[in-house]
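Descriptive analysis of the structure
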Amino acid sequence: MYREAADNQFDSGWRFTSGYESDEYMDDTHNLAFYKVNTIANYDPEIVPYLEAPVGSAFERQNGTGPFVEVHGFEPLAD
């Protein structure tokens, strides 16, 4: 999970991915969806403590399943 600057007043800036998506997968807009952060938190309440983190923050699960840890130096792919 990582946070970018919000695109509009309804955008929290949070982006959630598995981390295993290919460029081709991410380039297909049919594979992307907009959700309220509350919806994602209902699926995974462990994100809640991180939701107030500033723009530029990024977190990932240790070993893909463990607790979240901060990712330093994360740079999202350019559009």
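Reading the values: rules and limits
- Sequence positions are assigned chain by chain, starting from 1 and proceeding in written order.
- Local features in a predicted model are, by the rule used here, given only for residues with pLDDT of at least 70; side-chain atom pairs are given and counted only at 80 or more, and totals for whole chains, interfaces and linings are based on all residues.
- The basis for every side-chain value is the complete set of heavy atoms in the structure, and neither hydrogens nor water enter the calculation.
- For salt bridges, the criterion is a side-chain nitrogen of Lys or Arg within 4 Å of an Asp or Glu carboxyl oxygen.
- Strands are runs of DSSP state E lasting at least 2 residues, helices are runs of H or I lasting at least 4, and numbering of each runs from the N terminus.
- Working definition: with a 1.4 Å probe on protein chains only, accessible area under 20% of the residue-type maximum means buried, over 50% means exposed, and in between means partly exposed.
- Centres within 6.5 Å make a pair out of two Phe, Tyr or Trp rings, where for Trp the six-membered ring is used; the pair is then stacked when the planes are under 30 degrees apart, edge-to-face when over 60, and tilted otherwise.
- In protein, a polar contact requires one atom able to donate a hydrogen and another able to accept it; more generally it is a pair of N or O atoms within 3.5 Å, and residues adjacent in sequence count only if both atoms are side-chain atoms.
- Should any heavy atoms of two residues lie within 4.5 Å, those residues are considered in contact.
- Here, nonpolar core refers to any group of buried Ala, Val, Leu, Ile, Met, Phe, Trp, Tyr and Cys residues whose side-chain atoms link them within 4.5 Å.

Turning our attention to the pattern of salt bridges. A complete count under the given rule lists 5 salt bridges for this structure. D44 is paired through a salt bridge with R61; the nearest N and O atoms lie 2.3 Å apart. Of this pair, D44 sits in the loop between α2 (37-43) and β3 (59-61) while R61 sits in strand β3, and the two are 17 residues apart along the sequence. On the basis of relative accessibility, which here comes to 21%, the residue D44 falls in the partly exposed class. Note on R61: relative accessible area 21%, which makes it partly exposed.

Two aromatic rings are characterised by how far apart their centres lie and by the angle between their planes. For the coordinates displayed, the defined rule picks out 5 aromatic pairs. When the centroid spacing of 4.8 Å and the interplanar angle of 45° are considered together, the rings of Y2 and F74 count as tilted. Of the two residues, Y2 is situated in strand β1 (residues 2-3) and F74 in the segment after β4 (68-70); the sequence distance between them amounts to 72 residues. Clustering of aromatic rings is evident, with ring pairs tying together W14, F16, Y50, F59 and F68.

Residue position: R15 is located in strand β2 (residues 14-15). At a separation of 3.3 Å, a polar atom in the side chain of R15 contacts the side chain of D7. Among residues more than four places away in sequence, those in contact with R15 are M1, Y2, E4, A5 and D7.

On to the nonpolar core. Core analysis: the biggest nonpolar cluster contains 9 residues, these being M1, W14, V37, A41, I47, L51, A53, F59 and F68. If we ignore the near neighbours within four places in the chain, the residues touching A41 are I47 and V48.

What follows covers the environment of T17. Looking at the element boundaries, T17 is found in the loop between β2 and α1 (23-27). In sequence terms T17 and Y2 are 15 residues apart; their C-alpha atoms lie 8.8 Å from each other.

It is worth spelling out the environment of G19 at this point. Counting through the fold element by element, G19 comes out in the loop between β2 and α1. The exposed category is assigned to G19, whose relative accessible area is 58%. Separated by 41 residues in sequence, G19 and E60 place their C-alpha atoms 8.6 Å apart.

A word on the side chain of D11. If you trace the backbone, D11 turns up in the loop between β1 and β2. Of the residues examined, D11 reaches a relative accessible area of 18% and is grouped as buried. Separated by 3.0 Å, the side chains of D11 and R15 make a polar contact. Excluding anything up to four places from it in sequence, D11 contacts A5 and A6.

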